[in-house]
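The primary structure of each chain is shown beneath.
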Amino acid sequence: VANGSEFSFALAASADGDTITMLPGTYFQSPGWAFANKTLTIQGSTGNREDVVIDGMNLVVGLWIDGAGADGSVIRHLTVRNGRGPTASNSSGAGLRIIGADVTLRNCLIEDNHLPSSDGNGAGIYASQGNITIEDCLIRNNTIDSLLGDGWGVYFNAGSHAMARRMTSGNA
């Protein structure tokens, strides 16, 4: 896919087990993108995570993955940046929000996501009730407005999680 409209169509039209390959560029959409109840691989075409960018425009969550039907999904070789989480109390997730799904993130850059909630969690990545594997990812410069929030870069709530060769920096 080559732009935000094509990516939206590919997410909607995809079937369980499909791979969506994104060409270099920056992908914008409001509302942001989400998928549920199907296992997908979403990947940048070049293997360089900085070539393909999902940009939340400081308006919306960058990518939302929901439900056990999405178990086995893989997100790789891309950047998620400028996501913005909800403002409601105890809201979570701005860059990636993963609920109830087993997902692997590989060779991703998660940066500059913001959570304006007074007590939110996981500005970069929020994962709840699923098993998450993070490999070869850089998670940086993600912020939460309140000191009551947790996991500026990554926040895990229930489930099993593994991180290998990942780096976090500048999350506050």
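That block above? That's the structure.
Keep in mind that this is a model prediction, so the values were computed, not measured.

Undergrad: Explain the overall build of the protein to me, please; I cannot follow it from the model alone.
TA: In terms of regular secondary structure, the protein is built from one helix and 19 strands. Here the protein has a C-alpha radius of gyration of 14 Å; the compact-globule value for 172 residues is 16 Å, and the two agree. In terms of overall dimensions, the protein has C-alpha extents of about 40 × 30 × 30 Å along its principal axes. Across the 172 residues of the protein, 51% fall into the buried class.

Undergrad: Just to check I follow, could you spell out helix H1 (residues 4-13) for this structure?
TA: Note: α-helices contain 3.6 residues per turn, so residues at a spacing of three or four share the same orientation. Here H1 has its buried residues at Gly 4, Phe 7, Ala 10 and Leu 11. Take H1 and look down its axis: the buried residues cluster within an arc of 120°, on one side only. Along H1, the residues that are exposed and aim more than 90 degrees away from the buried face are Ser 5, Phe 9 and Ala 12. Here the buried face of H1 lies against strand E1 (19-22), strand E2 (25-28), strand E3 (33-36), strand E4 (41-44) and strand E5 (52-55). By the N-cap criterion, in which a side-chain oxygen at the helix start approaches the backbone nitrogen of a residue two or three places on, H1 is capped by Asn 3, the distance to Ser 5 being 3.1 Å.

Undergrad: Is there a simple way to explain unusual backbone geometry in this structure?
TA: Glycine aside, the phi torsion of most residues is negative, and most peptide linkages are trans. You will see that His 77, though not glycine, has its phi angle at about 60°, which is positive. Along the chain, His 77 falls in the loop between strand E7 (73-76) and strand E8 (79-81).

Undergrad: What is the right way to read the sheet that holds E1 from this model?
TA: Strand pairing within a sheet occurs via backbone hydrogen bonds; the two strands may be parallel or antiparallel. With parallel pairing, six strands are arranged side by side in an open sheet as E1-E4-E7-E10-E14-E18. Where the open sheet ends on each side, the last strands, each with one partner, are E1 and strand E18 (161-164). Averaged over all neighbouring strand pairs, the angle between strand axes comes to 10°, with direction disregarded. Pairing geometry for E4 and E7, over three bridges, is parallel. Its bridge partner being in E7, Thr 41 is matched across the sheet by Val 74.

Undergrad: How should the pattern of salt bridges be read in this particular structure?
TA: Opposite charge on two side chains permits pairing when their charged atoms draw close. For the structure on display, the rule yields three salt bridges. Taking the shortest distance from any N to any O, the salt bridge between Asp 55 and Arg 81 comes out at 3.2 Å. Here the residue Asp 55 occupies a position in strand E5, and Arg 81 occupies one in strand E8, the gap between them amounting to 26 residues. According to the relative accessible area criterion, Arg 81 is partly exposed, its value standing at 25%. Between Arg 106 and Glu 135 there is a salt bridge, with the nearest N and O atoms lying 2.7 Å from each other. Of this pair, Arg 106 sits in strand E10 (residues 103-106) while Glu 135 sits in strand E14 (residues 132-135), and the two are 29 residues apart along the sequence.

The rules behind each value
- Residues numbered from 1 in each chain as written.
- Predicted model: local features only at pLDDT ≥ 70, side-chain atom pairs only at ≥ 80, totals over all residues.
- Heavy atoms only, no water.
- Helix = DSSP H or I, 4+ residues; strand = E, 2+ residues; numbered from the N terminus.
- Rg over C-alpha atoms; globule rule 2.2 N^0.38 Å.
- Buried < 20%, exposed > 50% of the residue type's maximum accessible area, 1.4 Å probe, protein only.
- Arc of directions from axis to C-beta.
- Contact = heavy atoms within 4.5 Å.
- Polar contact = N/O pair within 3.5 Å; in protein donor to acceptor, adjacent residues only side chain to side chain.
- Pairing = 2+ DSSP bridges.
- Axes fitted to C-alpha atoms, helices over the stretch in contact; angles between N-to-C directions.
- Salt bridge = Lys/Arg side-chain N within 4 Å of Asp/Glu carboxyl O.

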